[in-house]
Amino acid sequence: MTNGLKRRTKLVHTGTRRSQYNEVSEAIFLTQGFVYDSAEQAEARFVKAGEDEFIYARYGNPTVRMFEDRMSDLLGYEDGFACASGMAAVNGALMALSKAGDRIVASRALFGSCLYVLEELLARFGVSITLVDGTDNAAWDAAITPHTSLVFLESISNPTLEVIDLRHVCAVAHKNGALVIVDDAMATPIYSYARECGADISVVSTTKHVDGQGRMLGGIICGTRDLIRGPIEAYVKHTGGAMNPFTAWSHLKSLETLDLRVKAQAATAMAVAEALEVHPKIADVRYPQLPSHAQHKVAMSQSPSGGTVLAFEVSGGRDACFKFLNMLEIFIISNNFADAKSIVTHPATTTHQRLPQEQKDILGITPGLVRLSCGLEDTDDLIADLMQALDRI
Ligand SMILES: *Cc1c(COP(=O)(O)O)cnc(C)c1O
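Keep in mind it's a predicted model, so treat the numbers as computed, not measured.

Colleague: Explain unusual backbone geometry to me, and be specific about the residues and the numbers.
Modeller: Following Asn158, the chain continues into Pro159 via a peptide bond in cis, with omega recorded as 10°. For Pro159, the location among the structural elements is in the loop between strand E4 (148–154) and helix H7 (166–175). Phi is positive for Asn22, which is not a glycine, with a value near 60°. Tracing the chain through its elements places Asn22 in the loop between helix H1 (7–13) and helix H2 (39–47).

Written as structure tokens, this is what we have:
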């Protein structure tokens, strides 16, 4: 019904199924199980469940299925499996597609929990992991070989906003017979370009822009129908990582406004980046849409926007930085991003505290580094708040 329509229309309608009551708003099916008309029907469903035939909520649920359809359509994939969190999605994709002896090549600048799954879990089961500088195409060329099974990367890294040349990495991976899994949180689902650039699977923490209002943990794995309804579904449904129907329902409502929200937040992020770039107490503003960004050209060839998050260095190190954070009146100090409320984070002492110093140095996580997530407040108010805090350090 929604083929050929534009994104905002599809974000309101795709995947909707109505019950016999013809409700307007998507129904929430808070049910673990489903009743069969007969023993024969139960048997048939366990042999093979057809479309919109459900068995148990860990395997699938009508509200969750609506969300999977709407979200995978948004990202340009055939299908998706919704998960309890972003990490359930990352873990599900990596574990479902790996076996002892496999070799995974990944970018070094990864979310801490993703590094744990790769270096602690998968390594324990005999999968070898090679980490490379994601911005260095030659490093990918050297690391990916015909023995590589998977390539895993964050398209835009957190917290330092390094941008990977995804078309290049996908081409090298595919030439060597490897699948590419992209962790797509920072790119935002609206500006996601993973599928377009050749990724085989996207894993998304829907905790971020999809919820966008600081309520729900969620995630989704999107890919071809063969991968999603094959090894991915088998792994997630048997190991218990499925999404709660209440989360799926809340996410469906959030998707209706996603395009409007992300575009407003991204416009604010660009305005904030420009204001901070010329401020004497700020150094090294990192936002892909700024011409000064190290991978600006590649970033703009992949996406029209730099996203909703930026990072920058407060001159004067940790003390000046903490003073600045404490003086902010609208921005809240927290560790999530993509919320309606604007958030500042000090990665070195919070999200990335446990990284050894040499890793922090390699990744550029300095004592003065701030990650800033733009919310839905008025742009002028946010810039004024940043300026008054900077004046007072
Ligand atoms: C937040 C995040 C995750 C984990 O998502 P959760 O929903 O918190 O489990 C994974 N990868 C990236 C890049 C993230 O930003």
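Colleague: Which residues make up the site of the ligand, and what values do they have?
Modeller: Around the ligand, the structure places Ser85, Gly86, Met87, Phe111, Glu154, Asp183, Ala185, Ser205, Thr207, Lys208, Gly218 and Phe337. A distance of 2.8 Å is found between an oxygen atom of the ligand and a side-chain nitrogen or oxygen belonging to Ser205. Within the contact set of the ligand, an oxygen atom lies 2.7 Å away from a side-chain nitrogen or oxygen of Lys208. Expressed as a share of its isolated accessible area of 380 Å², the protein-covered part of the ligand is 91%. Classifying every residue of the shell around the ligand by side-chain character gives four nonpolar, five polar and three charged.

Colleague: How would you summarise the packing of aromatic side chains if you had to cite specific residues and measurements?
Modeller: Applying the stated criterion across every chain yields a total of five aromatic pairs. Geometrically, the ring pair formed by Phe34 and Phe54 is tilted, given 5.6 Å between the ring centres and 35° between the ring planes. Residue Phe34 is found in the loop between H1 and H2, and its partner Phe54 is found in the loop between H2 and helix H3 (62–75); the two are separated by 20 residues along the sequence. Among the residues examined, Phe34 registers a relative accessible area of 21% and is labelled partly exposed. Taking 6.4 Å as the distance between ring centres and 85° as the angle between the ring planes, the aromatic pair formed by Tyr56 and Tyr59 counts as edge-to-face. Residue Tyr56 is classed as partly exposed on the basis of its relative accessible area of 38%. For Lys237, the ring lying beneath its charged end belongs to Tyr59, and the centroid distance is 4.6 Å.

Colleague: Which residues make up the sheet that holds strand E2 (residues 103–107), and what are the values?
Modeller: Neighbouring strands of a sheet are bound in pairs by backbone hydrogen bonds; such pairs are parallel or else antiparallel. Reading across the sheet, the seven strands line up as E1-E7-E6-E5-E4-E2-E3 and stay open at both edges, with mixed pairing between neighbours. Single-partner strands in this sheet number two, and they are strand E1 (79–83) and strand E3 (128–132). The average angle at which neighbouring strand axes cross in this sheet is 20°, direction not considered. In this structure, E2 lies alongside E4, joined through four bridges in parallel fashion.

Colleague: Which residues make up the packing of helix H4 (residues 86–96) against helix H8 (residues 225–239), and what values go with them?
Modeller: One way to put it is that H4 packs onto H8 with a least axis distance of 9 Å and a crossing angle of 120°. Classified by the interaxial angle, the pair formed by H4 and H8 is oblique. Seen from above, H4 lies across H8 with right-handed handedness. Residues Asn91, Gly92, Ala93, Met95 and Ala96 of H4 touch H8, and the partners they reach there are Pro231, Ile232, Tyr235 and Val236. Residues that form the contact of H4 with H8 fall into these classes: seven nonpolar, two polar and no charged.

Colleague: Go over the sheet that holds strand E12 (residues 369–373), please, and point to the residues and values.
Modeller: The strand order across the open sheet formed by five strands is E8-E9-E12-E11-E10, and the pairing between neighbours is mixed. Every other strand in the sheet has two partners, leaving strand E8 (282–286) and strand E10 (332–333) as the edge strands with one partner each. Pairing analysis gives two bridges linking E10 to strand E11 (residues 343–345), with the strands arranged parallel. Pairing of Ile332 across the sheet is with Ile343, part of E11. Its contacts with the sheet place helix H11 (residues 317–327) against strand E9 (309–314), E10, E11 and E12, and it is angled at close to 130° to E9.

Here is what the cut-offs are and how they apply
- Each chain carries its own residue numbering, running from 1 in the direction its sequence is written.
- Thresholds applied to this predicted model are a pLDDT of at least 70 for local features of residues and 80 or more for the giving and counting of side-chain atom pairs; totals over whole chains, interfaces and linings are not thresholded and use all residues.
- For the side-chain quantities, the full set of heavy atoms in the structure was used; hydrogens and water were omitted.
- Helix numbering and strand numbering both begin at the N terminus, where a helix is a DSSP run of H or I of at least 4 residues and a strand a DSSP run of E of at least 2.
- Nearness of a residue to a molecule or strand requires only that one of the residue's heavy atoms be within 4 Å of it.
- Polar contacts, as counted here, are pairs of nitrogen or oxygen atoms within 3.5 Å of one another; within protein the pair requires one atom able to donate a hydrogen and one able to accept it, and residues that are adjacent in sequence qualify only if both atoms are side-chain atoms.
- Only the protein chains shown count as cover for residues, and the accessible areas themselves come from Shrake-Rupley with a 1.4 Å probe.
- All residues other than Ala, Val, Leu, Ile, Met, Phe, Trp, Tyr, Cys, Pro, Asp, Glu, Lys and Arg, Gly among them, are scored as polar; the first ten of these are nonpolar and the last four charged.
- Stacked, edge-to-face and tilted are the three classes for Phe, Tyr and Trp ring pairs, Trp counted by its six-membered ring, which pair at centre distances within 6.5 Å; planes under 30 degrees apart are stacked, over 60 edge-to-face, the rest tilted.
- Accessibility here uses a 1.4 Å probe with only protein chains present; expressed as a share of the type maximum, an area under 20% marks a residue as buried, one over 50% as exposed, and anything in between as partly exposed.
- In this scheme, Lys NZ or Arg CZ marks a charge over a ring once it lies within 6 Å of the ring centre and within 35 degrees of the ring normal.
- Strand pairing is defined by DSSP finding a minimum of two bridges between the two strands.
- Angles run from 0 to 180 degrees between N-to-C directions of axes, and those axes are lines fitted to C-alpha atoms, restricted for helices to the stretch in contact.
- Angles are sorted into four bins: roughly parallel if under 35 degrees, roughly antiparallel if over 145, roughly perpendicular if 65 to 115, and oblique for all others.
- Two helices crossing with the near one rotated counterclockwise from the far one by less than a right angle form a left-handed crossing, whereas a clockwise rotation gives a right-handed crossing.
- Residues count as neighbours in contact if any of their non-hydrogen atoms are within 4.5 Å of one another.

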